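What follows is each chain in one-letter form.
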Amino acid sequence: MPIIGANIVEVGTTNGTVTDVDGKFSLSVSPNATIHISYIGYLDQNIDVAGQSAFNITLAEDSRTLDELVVVGYGFARKGDLTGSVSSIKGADLINRSTQLLSNALQGQVAGVQVTRNNGGPGSSATVRVRGVTTLSNNDPLVIVDGVPSSLNDVVASDVETMTVLKDAASAAIYGSRAAAGVILITTKRAKEGQFSFDYNYEYAIDRPTARPTNGDVIDWMNVQNEVKWNDGASNPYSQYSEETIATWLENHAKDPYRYPNTNWVDLLLKKSSSHEQHMLSITGGTDKLRTKSTFNYQKGDGYYENRSYERIAGRINNDYLISEWIRANIDLDFSKSNSINPAEVNPMYWAYLAAPYYAPFLEDGRYADSKDGANGLAGLQKGGINKTNYYKFGGKAQIDIIPFKGLTLSAIYSPRFAFTRGKKFSKAVPVYYPNGSMTYMQSHRTTYLQETRNDNNSQTYQFYGNYQNIWGDHSINAMVGYEGYLYRWENLGASRTNYLLDSYPYLNIGPEDYQYNSGGAGHNAYESVFSRLMYSYKSKYMIQGNVRSDGSSRFSKENRWGTFYSMSVGWVMSEESWFRKSLIDYMKLRGSIGQLGNERIGSEFPYQAAITFGNSNMYDKSSQTVTALQNAAQVYYAFKDITWETTTTYGVGLDLAMLRNRLRFTGDWYYKMTEDMLLTLGFPSYAGFSAPQQNAGDMYTKGWDVELGWSDTVGDLWYNVSANLSDYRSIMGYLGDRRTISGNYITEKGSYYNEWYMYKTDGLFITDADLFDESGKKYPTLTPNDKAGNIKYVDVSGDGVINADDKVRLGNSMPELLYGGNVSLGWKSFDFGLSFQGIGHQRVLFNSAWIQPLKEQWGAVPSLLLGNYWSQHNTEEQNRAAKYPRLTYTNTTNTYTGSDYWLFNGAYFRVKNITFGYTLPKELLSNVKIKETRIYLNINDLPAISNFPEGWDPEVGTSSEFISTSYVLGINVKF
């Protein structure tokens, strides 16, 4: 078969060509030249010309992709032998994101993996979900780093060699009771034999908000005050502020800004930009007997307001020893220290958008003004003290591998981990002053107090397992059997004193003993497991894999402590059949699996035991007329001894394709997950004297699919890769003990989506007073007796003539739908370019009342979104019919802000996550300075999203959360 477009290059030159439609080429070269032939999906070849002028060249197919080793639980396997749903990411793809925490770098990278942020502050992490939600308890995936349990954000992105996501039961069942929410395996970088290098990387970034809401000025505020008063019963539209006051305010402000303020609190409390930087250092050395890789990372980032920062230093040392031909060992160490600083009490993001421009931050003499009876957020931010949290982590792993004969490896691992958190919040009393000179205190800082916390935890993991791999003839086998134990302990301590006389000495001993408090607690949990796996392949065509694991958890009683979880999967490589024609499709594999996973993270550490709760009470003695403080104790919750595992049974089918000479790649999976025995709080007789306990009673069903598509090719000196992923799922509630749970605007009941919207239906606004009545003159039922023109018209679903809770209905799924992401990368000579994107195709989002609510706390600012967009008595009927928002009111906010479909909108969004431009300097420029390679690059991360969200609000930011940032990163990488 002729190969069209194969690259032919004379080695050591830029002289080259490509093959034509018949697979032929013609190229003039020097007599003793060597030509290099390359083509996607085939192995490269070098051919010495040696005076010849004609060649018959046959390229061999590149099977290295299938032979590539992929990390699986407690070992490795050939990628071509996998029958489960597994996705892998290279560490280089994560580094390009230039994020402070690894969880954020994962967003949009893997089909079926949902990464959600609601805060963009320095050091803020993200929530990760693998194939949706499968339980009402803990849905966090299990994270394994170099074979032992850890945390996603304990690893620096630059340390990651590969990240593998086990998405189905076939791949994750080897982790049994902890794998129901998926498993993320991280392999860190290690040195290779003969590799000696010293690498340094530096990044500096300017951060700007992707979106930044604004408030109206003082004129807008006074007009809205008048509007609200008029709507709520005032006799005229200027009852609060006269037309003359409004008309002359800005003129008076120019003369006397203290008596006539027009304060922009947003600009006063929040910066327009911020910055962060990162240093990465790597030292690598490897011989045939010893290989060591040491990495060090330093990060520092500032927030968008004073007293907000995050700093982390981390290091990792991986050592590999070849003691003999049959003994290998690894000793790994890692550590990190992070320091997070926040204001002691004030959340500037909230105060910036709360405070009205009518109030001044300072008096004329420079003292902090009371603003609104002490509500001066700027005073609290600048003078109220800080809350400082230090987090220390240290861990290690010692592993020894014994190879008694070829194919068999026996491994023993011990891994201790230690973490310690120290918190110190010193909140200071902040005086503020009225214009008459009298003093009060800032609302959140009326007294000076110190609060200290000490939390520490440690874990120990020990593993013993054996792997056996062998290939004979057309048969391949990969078997593993092992044991694992895990012990986790934690303890916390808190102490505080208040009413300090001094605010410059943040230590407990200086506080008054009459106002001292303390707290503490401790706990532990453990498990033991035995497990095994068997993988068999015949002719790399037919595959079968089985996993089984038995777990014993300390969370359950002895009678229910052990659970056994299994999986079985098969694969068929159709493209290896003799009858399969590879004209278009180069590789096709069908996969199918069934398996069961468990969840032991279902509440307290010992839910089966009758726990005693201690407290304190004041007892009054009538005879002596004295009050005595006594300690009390009681069993609050009844305990069910037979509480046990939640179990999730998963069924899945998949298809892997490689087409067009392996340039086009496709992976698709469909799955169905059934979770049983979820913990629920059911009814319990009140006469028993206990609060209702949780028990195994609930079911949930999750159905979904995910696809990945990629294309790779080279054209001359240009190489490029394009990939995209798309996934979707729905979680439906099954039997829930014949109970429904309503939490705010959500409902969970049999047949509903997980956290489905449960609110009123509406039919627009009552535009005029006449709209309050139907054609027969009968008044429509209203939510409140005060509803009038300009209010929301609620639908009487039950038809009983009353709007009440009986009219609430389920309004659809609240979870994200159609999650997608993609990457584009290309290189030409010394230049490289990368682009990645991510988004959500559909999500029913509830419009947040804080985005438009004016006069919060009866004095707050007016959001700019509201201005010119609300129903008003000043408007014409035509203008009111075009209004987005109801009438402004403070006496009938129930009508305006009660949850309903009036406020639901499609929260779909698209975001470019990263754009990278890089240039590698020519080596001849660096040879004189002993540098192997230098690359300079510019990253732009998290560009503003394209969405239906209101102007100024990012789809991933909470109401009072810190902004998501567009980061402009300049970096340099130097290799010695």
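In the nomenclature of an unreviewed UniProt entry, the chain is known as TonB-dependent receptor SusC of Petrimonas mucosa. According to its UniProt record, the chain has this under Subcellular location (unreviewed entry): "Cell outer membrane". What the UniProt record of the chain gives under Sequence similarities (unreviewed entry) is the line "Belongs to the TonB-dependent receptor family."

Taken together, the 5 strands give an open sheet; going across it, the order is β7-β12-β13-β10-β11, and neighbouring strands pair in mixed fashion. In the strand order of this sheet, the two ends are held by β7 (86-90) and β11 (148-149), each with one partner. One ladder, built from 4 bridges, connects strand β10 (residues 142-145) with strand β13 (residues 183-188); its direction is parallel. Among the inter-strand pairings, Ile144 is bridged to a residue of β13, identified as Leu185.

Bringing the pattern of salt bridges into the picture now. Across all of its chains, the model carries 42 salt bridges by this definition. Here Asp140 makes a salt bridge to Arg129, at a shortest N to O gap of 2.7 Å. You can see Asp140 sitting in the loop between β9 (127-130) and β10 and its partner Arg129 sitting in strand β9, a full 11 residues away along the chain. Take Asp140: its relative accessible area is 35%, and that puts it in the partly exposed class. The closest approach of N and O atoms between Arg367 and Asp365, which form a salt bridge, is 2.8 Å.

Relative to the 20 Å expected for 14 residues at 1.5 Å per residue, helix α5 (residues 218-231) spans 20 Å between its end C-alpha atoms, a close match to the ideal helical length. With respect to burial, α5 is a largely interior element, 11 of its 14 residues being buried. Buried within α5 we find Val218, Ile219, Trp221, Met222, Val224, Gln225, Asn226, Glu227, Val228, Trp230 and Asn231. Tucked inside the fold, the buried residues of α5 contact α6 (243-255).

Turning our attention to the nonpolar core. Grouped together as the largest cluster of nonpolar side chains are 58 residues, with contacts concentrated most on Trp221, Met222, Leu270, Trp351, Trp851, Ile852 and Trp859. Listing elements by their share of this core, those giving two or more residues are α5, α6, α7 (265-269), α8 (348-354), α9 (377-383) and β39 (792-794). Residues in contact with Trp351, not counting those within four places in the same chain, are Leu269, Val346, Ala375, Asn376, Gly377, Met442, Gln443, Ser444 and Trp859. Residues Leu102, Ala105, Val110 and Met163 belong to the second largest nonpolar core, which totals 21 residues.

A few words on the packing of α5 against α6. Contact geometry for α5 and α6: axes closest at 10 Å, N-to-C directions at 165 degrees. Comparing their axes, α6 and α5 come out roughly antiparallel. The two elements α5 and α6 cross, and the hand of that crossing is right-handed. Contacts from Val218, Ile219, Met222, Asn223 and Asn226 of α5 reach α6 at Thr245, Ile246, Trp249 and Leu250. Its residues placed into classes, the contact of α5 with α6 shows 6 nonpolar, 3 polar and no charged.

To continue, consider the packing of aromatic side chains. Any two aromatic rings considered together are summarised by their centre-to-centre distance and by the angle between their planes. A full pass over the atoms with the stated rule returns 49 aromatic pairs. With centroids separated by 5.5 Å and ring planes inclined at 40 degrees, the aromatic side chains of Phe847 and Trp903 adopt a geometry described as tilted. A residue pair is termed long-range when its members are at least 10 positions apart, and Phe847 in the loop between β43 (844-846) and α10 (877-881) and Trp903 in the loop between α11 (893-897) and β44 (904-906) qualify at 56 residues. Against the face of Tyr433 rests Arg367, its NZ or CZ located 4.4 Å from the ring centre. Across from the ring centre of Tyr780, 3.8 Å away, lies the NZ or CZ of Lys793, which sits over that ring.

The rules we used
- Residues numbered from 1 in each chain as written.
- Predicted model: local features only at pLDDT ≥ 70, side-chain atom pairs only at ≥ 80, totals over all residues.
- Heavy atoms only, no water.
- UniProt positions renumbered as here; feature names shortened; annotations may be inferred.
- Pairing = 2+ DSSP bridges.
- Helix = DSSP H or I, 4+ residues; strand = E, 2+ residues; numbered from the N terminus.
- Salt bridge = Lys/Arg side-chain N within 4 Å of Asp/Glu carboxyl O.
- Buried < 20%, exposed > 50% of the residue type's maximum accessible area, 1.4 Å probe, protein only.
- Expected span 1.5 Å × (residues − 1).
- Contact = heavy atoms within 4.5 Å.
- Core = buried A, V, L, I, M, F, W, Y, C linked by side-chain atoms within 4.5 Å.
- Axes fitted to C-alpha atoms, helices over the stretch in contact; angles between N-to-C directions.
- Parallel < 35°, antiparallel > 145°, perpendicular 65-115°, else oblique.
- Left-handed = near helix turned anticlockwise from the far one by under 90°.
- Nonpolar A, V, L, I, M, F, W, Y, C, P; charged D, E, K, R; others polar.
- Phe/Tyr/Trp six-rings, centres within 6.5 Å; stacked < 30°, edge-to-face > 60°.
- Lys NZ or Arg CZ within 6 Å of the ring centre and 35° of its normal.

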